[in-house]
Amino acid sequence: MIVCDNCETSQFLQIISSRSYYSNGEDIEEITEEYECTLCKSTGKYEWTEEDGPDVSGNVRLEDDQPRWPTPS
Ligand SMILES: [Zn+2]
(Lines give C-alpha, C1' and ligand atoms only; values in the text may rest on other atoms or scores of the structure.)
Protein backbone atom coordinates (compact mmCIF):
# COMPACT_ATOMS: atom_id res chain seq x y z
CA MET A 1 0.00 0.00 0.00
CA ILE A 2 1.21 3.47 -0.83
CA VAL A 3 0.68 6.21 1.71
CA CYS A 4 1.34 9.94 1.82
CA ASP A 5 4.45 10.62 3.86
CA ASN A 6 2.93 13.72 5.45
CA CYS A 7 -0.57 12.49 6.17
CA GLU A 8 0.42 8.88 6.75
CA THR A 9 -2.61 7.62 4.94
CA SER A 10 -3.51 6.49 1.46
CA GLN A 11 -6.93 8.05 1.81
CA PHE A 12 -6.19 11.23 -0.12
CA LEU A 13 -3.82 9.85 -2.70
CA GLN A 14 -4.86 10.14 -6.30
CA ILE A 15 -3.13 8.56 -9.26
CA ILE A 16 -2.29 11.34 -11.68
CA SER A 17 -0.49 9.23 -14.21
CA SER A 18 0.01 5.55 -14.71
CA ARG A 19 2.08 3.67 -17.22
CA SER A 20 2.92 0.06 -17.66
CA TYR A 21 5.28 -1.64 -20.03
CA TYR A 22 4.87 -5.14 -21.28
CA SER A 23 7.80 -7.20 -22.44
CA ASN A 24 5.92 -9.47 -24.79
CA GLY A 25 2.36 -8.27 -24.67
CA GLU A 26 1.58 -10.32 -21.61
CA ASP A 27 4.10 -10.02 -18.82
CA ILE A 28 4.35 -6.70 -17.05
CA GLU A 29 7.94 -5.52 -17.06
CA GLU A 30 7.63 -2.09 -15.55
CA ILE A 31 4.98 0.03 -13.82
CA THR A 32 5.19 3.74 -13.12
CA GLU A 33 2.52 5.56 -11.17
CA GLU A 34 2.52 9.16 -10.06
CA TYR A 35 0.51 10.11 -7.04
CA GLU A 36 -0.76 13.36 -5.65
CA CYS A 37 -2.16 13.81 -2.18
CA THR A 38 -5.28 15.93 -2.47
CA LEU A 39 -5.01 16.93 1.17
CA CYS A 40 -1.46 18.32 1.38
CA LYS A 41 -0.58 18.48 -2.35
CA SER A 42 2.44 16.25 -1.95
CA THR A 43 3.43 14.25 -4.98
CA GLY A 44 5.35 11.06 -5.32
CA LYS A 45 6.13 8.28 -7.68
CA TYR A 46 5.83 4.55 -7.44
CA GLU A 47 7.88 2.41 -9.73
CA TRP A 48 8.02 -1.30 -10.09
CA THR A 49 10.32 -3.22 -12.34
CA GLU A 50 10.68 -6.90 -12.88
CA GLU A 51 14.34 -6.65 -11.95
CA ASP A 52 14.29 -4.39 -8.91
CA GLY A 53 10.81 -4.75 -7.50
CA PRO A 54 8.95 -1.80 -6.00
CA ASP A 55 10.54 1.59 -5.40
CA VAL A 56 9.05 4.88 -4.33
CA SER A 57 10.32 8.45 -4.51
CA GLY A 58 9.00 11.85 -3.51
CA ASN A 59 6.52 12.31 -0.69
CA VAL A 60 4.98 8.89 -0.70
CA ARG A 61 6.12 5.72 0.89
CA LEU A 62 5.40 2.09 0.64
CA GLU A 63 3.82 0.33 3.55
CA ASP A 64 3.17 -3.32 3.76
CA ASP A 65 -0.36 -4.44 4.31
CA GLN A 66 0.40 -6.17 7.55
CA PRO A 67 -1.28 -4.60 10.55
CA ARG A 68 1.25 -2.77 12.60
CA TRP A 69 1.55 -3.34 16.28
CA PRO A 70 1.45 -0.18 18.32
CA THR A 71 5.03 0.89 18.92
CA PRO A 72 6.11 2.69 22.07
CA SER A 73 6.88 6.32 21.36
ZN1 LIG B 1 -0.78 14.23 2.27
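Residues numbered from 1 in each chain as written. Predicted model: local features only at pLDDT ≥ 70, side-chain atom pairs only at ≥ 80, totals over all residues.

## Section: the sheet that holds strand β5 (residues 53-58)
- Judged by pairing direction, the sheet is antiparallel, and its four strands sit side by side in the order β2-β3-β4-β5 without closing on themselves. Each edge of the open sheet carries a strand with a single partner, namely β2 (13-22) and β5. Direction aside, neighbouring strands of the sheet carry axes that sit 15° apart on average.
- Judged from the six bridges that link them, strand β4 (residues 43-49) and β5 form a sheet pairing that is antiparallel. The residue of β5 that forms the bridge with T49 is G53. (Pairing = 2+ DSSP bridges. Helix = DSSP H or I, 4+ residues; strand = E, 2+ residues; numbered from the N terminus. Axes fitted to C-alpha atoms, helices over the stretch in contact; angles between N-to-C directions.)

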